[in-house]
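Given next are the chains, with one letter for each unit.
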Amino acid sequence: MDGRGMCNQHFIPSPLKIVRAQKQYMTDNMGVQYLDCVSNVVHVGHCHPQVVAAGKNQMATLVTAQGFINDSLTKYVKELTSHLPDTLNVVYLVNSGSEANDLALRLARSHTSHKDVVVFDEAYHGNLGNLIDISPKMFKRMPQGKKDFVHVIPCPDTYRGPHRDDSPGAAAEKYVMEAERVVMQAIQNNRKISCLFTECVVVNCGVIVPPRNYFSLLYNLIREVGGVCVADEVQTALGRTGECFWAFEHYGVVPDIVTTGKPLGNGYPMAAVITTREISESLGEYYSTFGGNPVACAVGMAVLDVIENEKLVQSAKAVGKTLLENLQLLKTKHECVGDVRGMGLCLALDIVQDKASRKPARELAQTIVHRVKEDHHTLLQVQGPGHNIITITPPMCFTQLNARSLTTALDEALTACCLRNQHSDLMSHPLGLERNQAVLSLEELERFDEEEVTGPEPKRPRTSYDDVD
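Note that the coordinates shown come from a computational prediction; the quantities given were computed from them, not determined experimentally.

Helix and strand content of the chain: 16 helices and 15 strands. Evaluated residue by residue, the chain yields a buried proportion of 52% over its 469 residues. Put simply, 71% of the contacts in the chain that link residues at least 6 apart link residues at least 24 apart. Here the chain has roughly 21,700 Å² of accessible surface; of this, 51% comes from carbon and sulfur atoms.

Looking now at the confidence of the model for the chain. Here the chain shows a mean pLDDT of 88. Residues at 70 or above account for 86%. Under a pLDDT of 50 for its full length, residues 1-7 has, in the predicted model, two contacts with residues more than four places off or in other chains. Here residues 425-469 is a poorly scored stretch, pLDDT under 50, and it has 47 contacts once near neighbours within four places are set aside; other chains count.

It is possible for side chains bearing opposite charge to pair when their charged atoms get close. Taken as a whole and assessed by the stated rule, the structure comprises 16 salt bridges. Close ionic contact of Asp 116 with Arg 191 constitutes a salt bridge, the shortest N to O distance being 2.8 Å. One end of the pair, Asp 116, is in strand β5 (residues 116-120); the other, Arg 191, is in the loop between α6 (168-188) and β7 (193-198), with 75 residues separating them in the sequence. A salt bridge links Asp 375 to Arg 371; the nearest nitrogen and oxygen atoms lie 3.1 Å apart. Here Asp 375 and its partner Arg 371 are both found in helix α12 (residues 362-376), four residues apart, which amounts to about one turn of the helix. Under the relative-accessibility criterion, Arg 371 is labelled partly exposed at 21%. Through salt bridges with shared partners, one network takes in Arg 160, Lys 331, Asp 339, Arg 341 and Asp 350.

On the basis of which strands lie adjacent, the open sheet formed by four strands has the order β11-β12-β15-β14 and antiparallel pairing. Looking along the sheet, the strands with just one partner apiece sit at the ends: β11 (337-343) and β14 (381-383). Mean inter-strand twist for the sheet, computed between neighbouring axes without regard to direction, equals 30°. Across three bridges, the pairing between β14 and strand β15 (residues 389-392) is antiparallel. Residue pairing in the sheet places Gln 383 in a bridge with Ile 389 of β15. Its contacts with the sheet put helix α11 (residues 312-333) on β11, β12 (346-351) and β15, and the angle it makes with β11 is roughly 170°. Relative to β14, α12 is tilted by about 160°, and along the sheet it contacts β12, β14 and β15.

Glancing now at the side chain of Ser 194. Counting through the fold element by element, Ser 194 comes out in strand β7. Engagement of the side chain of Ser 194 in a polar contact is seen with the backbone oxygen of Asp 116, the distance being 2.7 Å. Each residue touching Ser 194, except ones within four places of it in the same chain, is listed here: Ala 108, Arg 109, Thr 112, His 114, Lys 115, Asp 116, Val 117, Gly 227 and Val 228.

This part covers the nonpolar core. Judged by nonpolar contacts, the single largest core of 101 residues is most densely connected at Leu 218, Trp 246, Ile 351, Ile 368, Ile 392 and Leu 410. The biggest single contributor to this core is helix α10 (residues 294-309), with 10 residues. Each of two domains, domain 1 (7-36 + 311-454) and domain 2 (49-309), supplies a minimum of three residues to this core. Excluding residues within four positions of it along the chain, Trp 246 makes contact with Leu 80, His 83, Leu 84, Glu 233, Ala 237, Leu 238, Thr 241, Val 258, Thr 260 and Ile 274. Core analysis: the second largest hydrophobic core is formed by 25 residues, Phe 149, Ile 257, Ile 279 and Leu 283 among them.

This part is about the packing of α6 against helix α7 (residues 214-224). The geometry of a pair of packed helices is captured by two quantities: the angle between their axes and the separation between those axes. Axis separation between α6 and α7 bottoms out at 9 Å; the angle between their running directions is 20°. Here α6 is positioned roughly parallel relative to α7, judged by the angle of their axes. Crossing handedness for the pair α6 and α7: right-handed. Within the contact between the two elements, α6 uses Ala 172, Glu 173, Tyr 175, Val 176, Ala 179, Glu 180, Val 183 and Met 184 and α7 uses Tyr 214, Leu 217, Leu 218, Leu 221 and Ile 222. Each residue belonging to the contact of α6 with α7 can be placed in one class, and the counts come to 11 nonpolar, no polar and two charged.

Reading guide: rules and limits
- Residues numbered from 1 in each chain as written.
- Predicted model: local features only at pLDDT ≥ 70, side-chain atom pairs only at ≥ 80, totals over all residues.
- Heavy atoms only, no water.
- Helix = DSSP H or I, 4+ residues; strand = E, 2+ residues; numbered from the N terminus.
- Buried < 20%, exposed > 50% of the residue type's maximum accessible area, 1.4 Å probe, protein only.
- Contact = heavy atoms within 4.5 Å.
- Areas by Shrake-Rupley, 256 points an atom, 1.4 Å probe, with all protein chains shown as cover.
- pLDDT = per-residue confidence, 0-100.
- Salt bridge = Lys/Arg side-chain N within 4 Å of Asp/Glu carboxyl O.
- Pairing = 2+ DSSP bridges.
- Axes fitted to C-alpha atoms, helices over the stretch in contact; angles between N-to-C directions.
- Polar contact = N/O pair within 3.5 Å; in protein donor to acceptor, adjacent residues only side chain to side chain.
- Core = buried A, V, L, I, M, F, W, Y, C linked by side-chain atoms within 4.5 Å.
- Domains from an automatic or database assignment.
- Parallel < 35°, antiparallel > 145°, perpendicular 65-115°, else oblique.
- Left-handed = near helix turned anticlockwise from the far one by under 90°.
- Nonpolar A, V, L, I, M, F, W, Y, C, P; charged D, E, K, R; others polar.

Put into structure tokens, the structure is as follows:
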């Protein structure tokens, strides 16, 4: 929200006014229903009846019991830790991902007695002051810039980064060598590392998926210099990446501290920090008025039950696999799709000016997202440093039918938008006409624009929630 009381919104200058939602669908004030491919906060689906009932019943029974014994807290913490390695057995319940990351930073500094933090370039970890200081995405655009205790290492991007042509194993080693240079330089400057603070699947940088051996090498480096490793799972926890309950499990590592937020409460404000007994004992007393209140614990338990009962982790793996394969086909078909990446229901398309240069196509990405919204009533968003990454992070109840519908919508939007973009390039670069005459003449291109791009909106049958399931 800015100084005029205005919130940042999707789809400026024609934002949607959403009035209700259910499962993987949102409905605006005009009664138009949209397929939601962006709301990773509502992890098990909008207004899931089991989650709603749990919160409603608990709110009518007991809302707060801070400082008193309550079985709901014990039961929830036990269930949450059952999904984690045995060493991660101390849980702090808080209200937001930012609060969780702030507490994780405090734990790391208390345990190591050091202040310095290692982070990925362009990372974002929250909107509190301490977290803005360790979020390059934020501090690079602010007057104070980078603080001396922050050490920025390259994000292990194997598509647009410097080690794009290496094998995954070699790329991991080279990225860790670059991280080692940064860390060793800090130590030579009498700085001491408290922690490495990263996402494992780096959503905020455009869904970057590091090579599989990267984190084992990086964690070893940080621990050798006395630091601890923090895994920010605010966006990727509870099975979103498919197959595994936590993104860090895909890499065969065990962090010293794990944070999570958005998925825990399905829209209800709750988050958690999970760590070892040894690290927790270095902090001393911790107090939170609202963290872990009975309503939050009831909602959180319902979310975990739904994930298990509806087999949503397995579903994310299967649906995500289908969707990723279909998006890969779009990559081979469309020149403006430079890369497709991700895992489970955390995927991205990297929209580029051309495959050779890999230069971000910011305006084109935004145009594609708007076209998918207008023509197909499907909601996507654009993220990443170049504002050209179309991300797909829907509720976990997303189905195979939804995946096919999304692929069709993207294919049609890409066909129209990429061709129009190519047309614009040809008009501004006369030499391009000669190079592309074998594909389409200018007259044919203009006729295609008139008949296909600006033609009438296709009529699509409405689908009820029950039909989709």
